[in-house]
Amino acid sequence: MTVNRTANAEQRGAQLLSTAGSVAIDDIVIGNDVLELVSSAMYVDPMTVYREYVQNSADAIDEARRQGVLSPDEAGRVEIAIDSAARSVRIRDNGSGVPWPEFGRKLTALGGSAKRGTSARGFRGVGRLAGLGYTQELIFRSRTADENFVSELRWDCLRLKAALRATPLDSGVAGLIHSIVSIERIDAGEYPERFFEVELKGILRLRSDRLMNPVAVAEYLGQVAPVPFAPEFKFGAEITSALRPLVELGELDIRVEGLVTPVYRPHRDHFIDEKHAIAFESVEIIKIPGIDNEIAAVAWILHHEYEGAIPTGALIKGLRLRSGNVQVGDHSLLEDLYPEPRFNVWSVGEVHVIDRRIVPNGRRDHFEQNAHFHNLTNHLTPTARDIARRCRTSSIKRKWLREFEMHCESIAQKIGIIAQGSLSPADCEALVVSAESTLLQMERIAGMKLLADEKPEELLLRVTDLRAEIAALMSDGVPDASPLARLPPHQRSMYEHMFKLVYECSSNRIAAKALVDRILDRLRADGETG
């Protein structure tokens, strides 16, 4: 057969060389490598396996509600069981299931999803293959409400990898799939009356083995999956109320075996660690118009003090994009909208895309670039600029507040020197003049409009207290406790001059004061023993 095909191709090639015009192509070759391209090569991050299968579960649960087999008050549920000893993961949902007549065709098809053109989140028909590159065997099982048996289909991933390394093109991708896939109906046993599940057996060890870590899985799904906000998050109800009329949230009850609570979004009222203490103060809801003036997206922004980048461990940094209430890409997707990209990670918020003409790309790590997506980003740019303005304003505020505190420290040091009684009255007066100049600068800082929400009256009260403390010291003269008070005038003058030189020549006033304190202590001790 191969010889005949080659001969025919050569004859047709000779005809093309001798004649003009168009001809039909004999054979379209679809090589086996296409299977790798739409599975493991498509999904670079192993954790996207969970996103793809949970996304399919969300679509199946939505379909079950449309069919009426899942009642409105029954939660859409996804159960994830991780068996570390067996290195297996099972993801099961209570959606509509796949009936036996369609089971084999749907779970071996490459693309051609029946979801295209519907409101479903996935529509390219390749997400179910996400696990092929990360496990030794990929198993699908399902049962619909009217079936007595469970449908089961197995992909032998080890044979697939071997075939991709060694197979010539003759058999084609269909022949390859036939050789590595088995399908059968099994006894229902203790399986649910209606379900769909995917099981990954013999999972490979990759990237710190996060695929097998229940906490890591829950944290990942909390960011990307359609799950509710935690009950204790005070802005959760407000955000959900704003989204629900416009966005098909399809929130799932996801349970990871071994964890006490269901998977929630990671947002909370506060985030506190060793270096950060962030409190969210308000939420802003923004409706973004499309090209035709309909609503293209709804965004929400959590505002805070904007004192710096949100820590990675908070799992919420960046303005993120969602479609079908499933995250698209990572936190950095919109950073180019900011005047300075670094301000993106100072932000916390999400943009829920509604316009169906704004479509996630095949890998779901970005959106297809078209006029509708560019319209969205154009309308988001003012929001990004507003956040950048808040970041800069916060930075300037912190600069002036730091300067105020530095002035306070400087005044405190001067008060300590005056109280020490180590300088002459003239030198003390010079310190007072310098301190008054600093106090005036502190008053100007406290009166800035920029700091109007920083309790300026408290800042001014601190200035008043410091000024009163200086006045009290100067009215008392040389403290009686100072050993210089007991010295003859010429000796006292000598020490005062020496101490003045110590302060003038030292680059560190705190260290200079400590040295003078030790000298005064020595003079005091000598006076007591004398």
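Worth saying up front: this structure is predicted, and the values here are computed from it rather than measured.

A. Region of interest: the overall build of the chain. The number of helices and strands found in the chain is 13 helices and 14 strands. Within the span of the chain, comprising 530 residues, buried residues form 46% of the whole. Within the chain, contacts between residues at least 6 apart in sequence are counted, and of these 73% link residues at least 24 apart. With an accessible surface of roughly 27000 Å², the chain has 53% of that area assigned to carbon and sulfur atoms.

B. Up close: the confidence of the model for the chain. Confidence in the prediction for the chain averages 86 pLDDT; 85% of positions are at 70 or higher. Least confident of the elements in the chain is helix α1 (residues 2-18), whose mean pLDDT is 52; most confident is strand β14 (residues 348-353), at 98.

C. Broad picture of the sheet that holds strand β12 (residues 318-323). The mixed open sheet is built from five strands, whose spatial order is β10-β11-β14-β12-β13. Where the open sheet ends on each side, the last strands, each with one partner, are β10 (282-289) and β13 (326-328). Taking each pair of neighbouring strands and ignoring which way they run, the sheet shows an average axis angle of 30°. Summarising the sheet, β12 and β13 pair through three bridges and their orientation is antiparallel. Residue pairing in the sheet places R322 in a bridge with Q327 of β13.

D. Just the packing of helix α9 (residues 371-420) against helix α10 (residues 425-446), in detail. Close contact between α9 and α10 brings their axes to 10 Å; oriented N to C, the two are set at 160°. Relative to α10, the element α9 lies roughly antiparallel. Judged by the sense of rotation from one axis to the other, the crossing of α9 with α10 is left-handed. The residues of α10 that touch α9, namely those facing W400, E403, F404, H407, C408, I411, K414, I417 and I418, are C428, L431, V432, S434, A435, T438, L439, Q441, M442 and I445. Across the contact of α9 with α10, the residue classes break down as 13 nonpolar, four polar and two charged.

E. A look at the pairing of strand β6 (residues 195-203). Across the nine residues of β6, eight count as buried, placing the element largely inside the fold. As judged from the six bridges shared by strand β2 (residues 88-93) and β6, these two strands associate in the antiparallel manner. Looking at the pairing, S88 lines up with K201 of β6. Strand direction decides the pairing type here: strand β3 (residues 135-143) and β6, joined by eight bridges, are antiparallel. Counterpart to L138 in the pairing with β6 is L200.

F. Geometry of the sheet that holds strand β1 (residues 77-83). One open sheet accounts for seven strands, arranged β5-β4-β3-β6-β2-β1-β7; its pairing is mixed. In the strand order of this sheet, the two ends are held by β5 (181-187) and β7 (253-256), each with one partner. Here the strands of the sheet are splayed against their neighbours by 15° on average, with no regard to which way each runs. Sitting on the sheet, helix α5 (residues 157-166) touches β3 and β4 (149-156), and the angle it makes with β3 is about 130°.

G. Local environment of the environment of T377. Inspection of the secondary structure assignment puts T377 in helix α9. Placed 43 residues apart in sequence, T377 and L334 show a C-alpha to C-alpha distance of 8.0 Å. Beyond its immediate sequence surroundings of up to four residues, T377 is in contact with L334 and L337.

H. The nonpolar core, seen in detail. Of all hydrophobic cores here, the largest spans 51 residues; its most connected members are Y50, I80, L138, F140, W155, L221 and I254. Ranked by residues supplied to this core, first place goes to helix α3 (residues 48-67) with seven residues. Setting aside residues up to four positions removed in sequence, I254 forms contacts with V54, V78, I80, L221, A225, V227, P262 and V263.

I. Examining the pairing of strand β11 (residues 295-303) more closely. Counted residue by residue, β11 has eight buried out of nine residues, so it is predominantly covered. Alignment of β10 against β11, held across eight bridges, turns out to be antiparallel. Looking at β11, one finds that I285 is bridged to W300. Between β10 and β11, which pair antiparallel one after the other, the connecting turn spans five residues, and N293 there sits at a positive phi close to 75°. Of the pairings in the sheet, the one linking β11 to β14 comprises five bridges and is antiparallel in character. Each residue of the ladder has a partner; that of I301, found in β14, is G349.

J. Representation of unusual backbone geometry. A positive phi angle, near 75°, is found at N293, a position not held by glycine. Note that N293 resides in the loop between β10 and β11. Of the residues examined, N293 reaches a relative accessible area of 67% and is grouped as exposed. Within the chain, K455 stands out as a residue other than glycine whose phi angle is a positive 55°. As for its placement among the helices and strands, K455 is situated in the loop between α10 and α11 (456-476).

K. Broad picture of the packing of aromatic side chains. For the structure shown, the criterion picks out eight aromatic pairs. Ring geometry for Y191 versus F195: centroids 5.4 Å apart, planes at 5°, classification stacked. With 5.1 Å between their ring centres and 85° between their planes, F343 and W346 make a pair best called edge-to-face. Note on F343: relative accessible area 1%, which makes it buried. Judged by relative accessible area, which is 9%, W346 ranks as buried. Looking at R92, its charged tip hangs above the ring of F195, at a distance of 5.2 Å from the centre.

L. Up close: helix α8 (residues 236-243). Taken as a whole, α8 has its buried residues at G236, I239, T240 and L243. Down the axis of α8, the sector holding all buried residues measures 95°, keeping them to one side. Opposite the buried face of α8, by more than 90 degrees, sit the exposed residues A237 and S241. Where α8 is buried, its residues touch β10, β11 and β14.

Calculation rules
Residues numbered from 1 in each chain as written. Predicted model: local features only at pLDDT ≥ 70, side-chain atom pairs only at ≥ 80, totals over all residues. Heavy atoms only, no water. Helix = DSSP H or I, 4+ residues; strand = E, 2+ residues; numbered from the N terminus. Buried < 20%, exposed > 50% of the residue type's maximum accessible area, 1.4 Å probe, protein only. Contact = heavy atoms within 4.5 Å. Areas by Shrake-Rupley, 256 points an atom, 1.4 Å probe, with all protein chains shown as cover. pLDDT = per-residue confidence, 0-100. Pairing = 2+ DSSP bridges. Axes fitted to C-alpha atoms, helices over the stretch in contact; angles between N-to-C directions. Parallel < 35°, antiparallel > 145°, perpendicular 65-115°, else oblique. Left-handed = near helix turned anticlockwise from the far one by under 90°. Nonpolar A, V, L, I, M, F, W, Y, C, P; charged D, E, K, R; others polar. Core = buried A, V, L, I, M, F, W, Y, C linked by side-chain atoms within 4.5 Å. Phe/Tyr/Trp six-rings, centres within 6.5 Å; stacked < 30°, edge-to-face > 60°. Lys NZ or Arg CZ within 6 Å of the ring centre and 35° of its normal. Arc of directions from axis to C-beta.

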